[in-house]
Amino acid sequence: MVKDSIELLKDCPDWLSLEQFRAVAHISKRKAKWLLENGVIPCEDSGKHTHRFQIRRSDVAEFLRRQDAGELNGIIPAGAFNNKQLHNTLLPNTELEEFFSFLIDEWAYMPDMLTTKQATELTGYNDTTINNWAVAGKIQAVNYYGKNLIFKESLAEYLASYDGQRIARPSQKHRDIIEAYQDKGQESTLSNTLTLSNR
């Protein structure tokens, strides 16, 4: 994989953005940001909200070499970038509405009224949990011939809320959804990434 990454670097500009670095190194955006913020990889930091980091191509190559040689094993905190760590960090208040919209877009192929089974497929929680949420008023549902039909928007709204993010034992699916949201727009194909202008 390191060989492949080195090959990809040949097509990169002299300076890479955070997303270009992340894509070439095959690491998450969170990990890439941590490496840059903590000085593991030299970079230019503008401090801006967007297009914040610029990394020399040679420094990316050196990082890949060091990572392959195991030289970074004691530097990067073990488990710092797994899904449990992700779930313990709540999304900022300003992002709650965006996260809700993200869920609605992700679930656009599903009907507005969900069966309990469909809700479990989308969230990874079992039918008992889904029905308990309905009884507790956390999500909106109507009883139809003895079975709950769940309003899709209310389910998205709950998962995107602080209460939803504080679920004691989040499902793997829920964790994946949050990670997908945090990396939204960052998961374009590598070929598209490498064509980004060096800003």
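Residues numbered from 1 in each chain as written. Predicted model: local features only at pLDDT ≥ 70, side-chain atom pairs only at ≥ 80, totals over all residues. Heavy atoms only, no water.

> Hey, could you run me through the sheet that holds strand β5 (residues 141-144) in this one?
Through backbone hydrogen bonds, the strands of a sheet pair up, either in parallel or in antiparallel fashion. A sheet is described by the order of its strands in space; here three strands give the open sequence β4-β6-β5, paired in antiparallel fashion. The outermost strands of the open sheet, each flanked by one partner alone, are β4 (113-115) and β5. Direction aside, neighbouring strands of the sheet carry axes that sit 35° apart on average. Pairing analysis gives three bridges linking β4 to strand β6 (residues 147-151), with the strands arranged antiparallel. Residue pairing for β6: Met113 is matched across the bridge by Phe151. Packed on one face of the sheet, helix α9 (residues 152-160) meets β4 and β6 and runs near 65° to β6. (Pairing = 2+ DSSP bridges. Helix = DSSP H or I, 4+ residues; strand = E, 2+ residues; numbered from the N terminus. Axes fitted to C-alpha atoms, helices over the stretch in contact; angles between N-to-C directions. Contact = heavy atoms within 4.5 Å.)

> Explanation requested: helix α6 (residues 96-106) in the structure shown.
When α6 is considered as a whole, its buried residues turn out to be Leu96, Phe99, Phe102 and Leu103. Burial along α6 is one-sided: seen end-on, the buried residues are contained in an arc of 115°. Turned more than 90 degrees from where α6 packs its buried face, Glu97 and Asp105 sit exposed. Where α6 is buried, its residues touch α9, α10 (162-165) and α11 (172-182). (Buried < 20%, exposed > 50% of the residue type's maximum accessible area, 1.4 Å probe, protein only. Arc of directions from axis to C-beta.)

> Honestly, helix α2 (residues 18-25) in this entry has me stumped. Any pointers?
Owing to its 3.6 residues per turn, the α-helix aligns residues three or four sequence positions apart on the same side. Among the eight residues in α2, eight count as buried, and that is most of the element. Along α2, the residues classified as buried are Leu18, Glu19, Gln20, Phe21, Arg22, Ala23, Val24 and Ala25. At the C-terminal side of α2, His26 shows a positive phi close to 55°.

> Any chance you could explain the pairing of strand β3 (residues 53-56) here in plain terms?
Of the pairings in the sheet, the one linking strand β1 (residues 15-16) to β3 comprises two bridges and is antiparallel in character. Pairing of Trp15 across the sheet is with Arg56, part of β3.

> Explain the nonpolar core to me, please; I cannot follow it from the model alone.
One recurring pattern in soluble globular proteins is that nonpolar side chains are buried together. One finds Phe99, Leu103, Trp107, Trp133, Ile139 and Leu155 to be the most contacted residues of the largest nonpolar core, which totals 23 residues. Taken together, the elements giving at least two residues each to this core come down to α6, α7 (116-123), α8 (127-135), α9 and α11. Here the element with the most residues in this core is α9; it accounts for five residues. Excluding anything up to four places from it in sequence, Trp133 contacts Tyr125, Lys138, Ile139, Leu155, Tyr158, Leu159 and Ile167. If you look at the next biggest cluster of nonpolar residues, it comprises 19 residues, including Val24, Ala32, Phe53 and Phe63. (Core = buried A, V, L, I, M, F, W, Y, C linked by side-chain atoms within 4.5 Å.)

> Would you mind showing me how to read the pattern of salt bridges here?
Note on pairing: side chains with opposite charge can pair once their charged atoms come close. Throughout the structure, instances matching the rule amount to nine salt bridges. Two residues, Glu71 and Arg65, come together in a salt bridge whose shortest N-O distance is 3.3 Å. The partly exposed category is assigned to Glu71, whose relative accessible area is 40%. One salt-bridge network, held together by shared partners, links Glu62, Arg65, Arg66 and Glu71. (Salt bridge = Lys/Arg side-chain N within 4 Å of Asp/Glu carboxyl O.)

> How should the packing of α6 against α11 be read in this particular structure?
Helix-helix packing: each pair is described by the crossing angle between the helix axes and the interaxial distance. Between α6 and α11, the least distance of the axes is 10 Å, while the angle of their chain directions is 110°. As far as their axial angle goes, α11 and α6 are roughly perpendicular. Contacts from Glu98, Phe99, Phe102 and Leu103 in α6 reach Ile177, Ile178, Ala180 and Tyr181 in α11. Here the contact of α6 with α11 is composed, by residue class, of seven nonpolar, no polar and one charged. (Parallel < 35°, antiparallel > 145°, perpendicular 65-115°, else oblique. Nonpolar A, V, L, I, M, F, W, Y, C, P; charged D, E, K, R; others polar.)

> How should the packing of aromatic side chains be read in this particular structure?
Each aromatic ring pair is described using two quantities: the centre-to-centre distance and the angle formed by the ring planes. Under the definition given, this model contains seven aromatic pairs. Aromatic side chains Phe21 and Phe63 sit 5.5 Å apart centroid to centroid with 75° between the ring planes, which places their arrangement in the edge-to-face category. Separated by 42 residues along the polypeptide, Phe21 in helix α2 and Phe63 in helix α4 (residues 57-68) bring together distant segments of the chain. With a centroid separation of 5.5 Å and an interplanar angle of 65°, the aromatic rings of Phe102 and Tyr181 are classed as edge-to-face. Of the two residues, Phe102 is situated in helix α6 and Tyr181 in helix α11; the sequence distance between them amounts to 79 residues. In this pair, the class of Phe102 matches that of Tyr181, namely buried. (Phe/Tyr/Trp six-rings, centres within 6.5 Å; stacked < 30°, edge-to-face > 60°.)

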